[in-house]
Amino acid sequence: CMGILSIPSCAIKHADALAVFPGQEEDDRLRHTLRLWRHKKEEPHLFVGGLNPAEPSALSYTEESLAFPPYSLDKDNKKIHIQGITDNTKTQAAWLVESVSALHLERVALCASVYHLIRAYLTVLKEMKKQGRWFKLFPVATPIGLHESSQQYGHPMWRMIPGEVERLQRYQGIGDVATVE
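Residues numbered from 1 in each chain as written. Predicted model: local features only at pLDDT ≥ 70, side-chain atom pairs only at ≥ 80, totals over all residues. Heavy atoms only, no water.

**Q** Go over the pattern of salt bridges, please, and point to the residues and values.
**A** Going through the model one piece at a time under the given rule, you end up with 2 salt bridges. Close ionic contact of Arg107 with Asp16 constitutes a salt bridge, the shortest N to O distance being 2.8 Å. Separated by 91 residues along the polypeptide, Arg107 in strand S4 (residues 107-112) and Asp16 in the segment before strand S1 (17-20) bring together distant segments of the chain. We classify Asp16 as partly exposed; its relative accessible area is 21%. Judged by relative accessible area, which is 25%, Arg107 ranks as partly exposed. Several salt bridges share partner residues, and in doing so they unite Asp16, Glu106 and Arg107 into one network. (Salt bridge = Lys/Arg side-chain N within 4 Å of Asp/Glu carboxyl O. Helix = DSSP H or I, 4+ residues; strand = E, 2+ residues; numbered from the N terminus. Buried < 20%, exposed > 50% of the residue type's maximum accessible area, 1.4 Å probe, protein only.)

**Q** How would you explain the nonpolar core if you had to name every residue and give the values?
**A** Membership of the largest hydrophobic core comes to 23 residues, with the highest contact counts inside it found for Phe47, Leu96, Leu110, Val124, Phe135 and Leu137. Counting residues per element, the ones that place at least two in this core are S1, helix H2 (89-102), S4 and helix H3 (114-131). Of all the elements, H3 adds the most residues to this core, at 6 residues. Aside from chain neighbours lying at most four places away, what touches Leu137 is Val108, Leu110, Tyr121, Val124, Leu125 and Met128. Residues Val20, Val48, Leu51 and Phe138 belong to the second largest nonpolar core, which totals 19 residues. (Core = buried A, V, L, I, M, F, W, Y, C linked by side-chain atoms within 4.5 Å. Contact = heavy atoms within 4.5 Å.)

Honestly, it's all geometry; don't read function into it.
Encoded structure:
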């Protein structure tokens, strides 16, 4: 699993699309992805996964809310795809695989926080296998070190790891996340 984090982020220059699965009150993922997207020479597709409205969060990602600062996305841009409301990483992954496949894209950079990147990546792989649709997937970690405090959580990101490891194991057990199989 840790090998996922060793893939160089410079692979992003070959991506047809950037995707981000925003987490509950974790705006850093989206802001980092937008910085990368805006600095690509050719504008790639941008996929912004949805959020679960049942979880307490001050964030809402819609075409309308993302049109204003600090995001300032053009809601008429046909290369921007916003999921809206969703349940979890699994449903974000299913939407991403369906959307990327429908557009016949071949290379996607998946942006997530360091602690979440492994599970997000393996969830997309599992969904590609389930749907029988494949594309190259490049993992890209947000530049927030595990020792740094998240703007949203107010504590070091390394504190998120035990819960993420537990979720990784639990979701692998029910078949939502890829295993070595």
